[in-house]
Amino acid sequence: MNFRTIAAAVFAAMLVPLVGLAQTPSAPAPAAAPAPAAPKLYIPGLEQFMNVILTEHNKLWFAGAARNWPLAEYELGEIKEVMGDVQDHVPVFKNLPLAQMLDAVIVKEIADLEKAIEAKDFKKFVAGYDALNKACNACHAGTENAFIVIKRPTTPAFTNQDYAPRKK
Ligand code: HEC
């Protein structure tokens, strides 16, 4: 065998596995195009949930002040709902058990305010509203957010919603 023959033989030997692969009937079918990635789920940051709560908290005050009890009940229900969303999506915040901390507010301050609204008792509503604010601020203080202070509003955040009870 001269060099050329050897080289040709070696080359042919190198090709065998490739040819073999290409001809194997059981070779895997070419991979299907990858499925498009599912759209990324958007979960608002905690501060976004809180800003929604702040809006409803403002509306709650003016609903109560106008003795619009169905609206007050609605706004408080929305606050409670967003708190539930926070429990579902941000149960732990900076290693703090946010879901449990919210539970305490839902069963105490929120529940008391629900009763005041149900009783259409404005004095109890005001006391309950102030107590809720204290609970908001206690949690802010407990999560190193003592600089976020909630208080009674003096003006409606929106002037295009009528708070007066609906005349029948
Ligand atoms: C269980 C704890 C907890 C309770 C109760 C709570 N908050 Fe918060 N709140 C937080 C935390 C934690 C932050 C900081 C979020 C961050 O850093 O992203 C915050 C932030 C905020 C902010 C700042 C958002 C911004 O972008 O300016 C507002 C406003 C706010 N809360 C309103 C309220 C109101 C109103 C209540 C009561 C009705 C309330 N919060 C009750 C934990 C709480």
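## Some details on the nonpolar core
One recurring pattern in soluble globular proteins is that nonpolar side chains are buried together. In this structure, Leu60, Met83, Val86, Ile110, Leu113, Ile117 and Phe125 are the most contacted members of the largest nonpolar core, which totals 32 residues. Listing elements by their share of this core, those giving two or more residues are helix 2 (46-65), helix 3 (69-89), helix 4 (98-118) and helix 5 (122-142). Those residues in contact with Val86 that lie beyond four places of it in its chain are Leu46, Phe49, Pro91, Leu98 and Leu102.

## A closer look at the side chain of Glu56
Assignment of secondary structure puts Glu56 in helix 2. No salt bridge is formed by the buried Glu56; the nearest opposite charge belongs to Lys59, separated by 7.4 Å. Ignoring anything within four residues of it in the chain, the contact list for Glu56 reads Glu75, Glu78, Ile79 and Val82.

## Brief notes about the site of the ligand
In the vicinity of the ligand there are 18 residues, among which Met50, Asn51, Cys136, Cys139 and His140 approach most closely. In this structure, Asn51 approaches the ligand through a side-chain N or O atom, which is 3.0 Å from an oxygen atom. One of the side-chain N or O atoms of His140 is found 2.8 Å from a nitrogen atom in the ligand. Going through the elements one at a time, helix 2, helix 4 and helix 5 are the ones with two or more residues in the shell around the ligand. In terms of residue count, helix 2 provides more of the shell around the ligand than any other element does, 6 residues in total.

## Describing unusual backbone geometry
One non-glycine residue, Arg67, adopts positive backbone phi at about 55°. Secondary-structure assignment places Arg67 in the loop between helix 2 and helix 3. With phi around 50°, Lys94 is a residue other than glycine that occupies positive phi space.

## Here's the deal with the coordination of the iron atom of the ligand
Of the protein atoms, only Met50 (SD) and His140 (NE2) coordinate the iron atom of the ligand, at distances of 2.0 to 2.4 Å. Around the iron atom of the ligand, the 6 donor atoms are arranged such that angles at the metal cover 85 to 178°; this shape is classified as octahedral. Of the two residues, Met50 sits in helix 2 while His140 sits in helix 5, which places them 90 residues apart along the sequence. Using a relative accessible area of 30% as the deciding quantity, one classes Met50 as partly exposed. Of the residues examined, His140 reaches a relative accessible area of 12% and is grouped as buried.

Thresholds applied
Residues numbered from 1 in each chain as written. Predicted model: local features only at pLDDT ≥ 70, side-chain atom pairs only at ≥ 80, totals over all residues. Heavy atoms only, no water. Core = buried A, V, L, I, M, F, W, Y, C linked by side-chain atoms within 4.5 Å. Buried < 20%, exposed > 50% of the residue type's maximum accessible area, 1.4 Å probe, protein only. Helix = DSSP H or I, 4+ residues; strand = E, 2+ residues; numbered from the N terminus. Contact = heavy atoms within 4.5 Å. Lys, Arg positive; Asp, Glu negative; His and termini not counted. Salt bridge = Lys/Arg side-chain N within 4 Å of Asp/Glu carboxyl O. Near = heavy atom within 4 Å. Polar contact = N/O pair within 3.5 Å; in protein donor to acceptor, adjacent residues only side chain to side chain. Donors = N, O, S within 2.8 Å, 3.2 Å for Na, K, Ca; no water. Tetrahedral: all angles 85-135°; square planar, octahedral: opposite > 155°, others 65-115°.

Function cannot be read off these values alone, since they describe shape.
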